[in-house]
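Descriptive analysis of the structure
Given next are the chains, with one letter for each unit.
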Amino acid sequence: MTSPAVSSRDLPHPVRDEIRLEGVLHALSDPMRLRIVRELATASGELSCSHFDLPVTKSTTTHHFRVLRESGVIRQVYRGTAKMNGLRRDDLDGLFPGLLDALLDAAGRQAVRGG
């Protein structure tokens with residue numbers, strides 16, 4: 001069952017057992033979402049939405065973050081007025097061992113090739 005929003009500022013996230021492989025793969029199939037996840041994977045902690053400089057509109061950026069959150073790839077929480085984002089690495093590695101590292105490695109190699 002998806003964890004419900006406790007207040008109007010809490011965002012719903014799937015609980016670990018609700019995270020589905022096809023949802024994760026769909027979320028990571030978009031270049032902008034994969035870019036967000038690559039940045040989060042190298043960060044030492046959470047990053048605010050405003051940290052990301054994506055070449056898309058604000059509403060499209062919001063959509064990308066929502067897809068990542070609803071698929072269980074990231075966790076979003078409000079800290080003051082900032083919406084902070086963190087990769088759900090422990091959940092993803094526990095459910096799909098090696099998947100995230102393999103995808104991030106492949107994305108890194110593709111970026112080097114200029115793709």
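The text that follows walks through the structure, step by step, so that each part is easy to find. Nothing here was measured: the structure is a model prediction, and the numbers come from that model.

Criteria and thresholds
Residues numbered from 1 in each chain as written. Predicted model: local features only at pLDDT ≥ 70, side-chain atom pairs only at ≥ 80, totals over all residues. Heavy atoms only, no water. Helix = DSSP H or I, 4+ residues; strand = E, 2+ residues; numbered from the N terminus. Buried < 20%, exposed > 50% of the residue type's maximum accessible area, 1.4 Å probe, protein only. Contact = heavy atoms within 4.5 Å. Areas by Shrake-Rupley, 256 points an atom, 1.4 Å probe, with all protein chains shown as cover. Lys, Arg positive; Asp, Glu negative; His and termini not counted. Charge placed at Lys NZ, Arg CZ, Asp CG, Glu CD. Expected span 1.5 Å × (residues − 1).

The next point concerns the overall build of the protein. Along the backbone of the protein there are five helices and three strands. Mapped from its N terminus to its C terminus, the protein presents α and β elements in the order α-α-β-α-β-β-α-α. Across its three principal directions, the C-alpha atoms of the protein cover 45 × 30 × 25 Å. Going through the 115 residues of the protein one by one, you find that 35% of them count as buried. Within the protein, contacts between residues at least 6 apart in sequence are counted, and of these 60% link residues at least 24 apart. A total of about 6,800 Å² of accessible surface is found on the protein, and carbon and sulfur atoms cover 54% of it. Side-chain charges in the protein split into 16 positive and 14 negative, and the spacing between the mean points of these groups amounts to 4 Å.

Its 12 residues place the ends of helix 2 (residues 31-42) 17 Å apart at the C-alpha level, agreeing with the 16 Å of an ideal helix rising 1.5 Å per residue. Considered for burial, the residues of helix 2 that qualify are Met-32, Arg-33, Leu-34, Ile-36, Val-37 and Leu-40.

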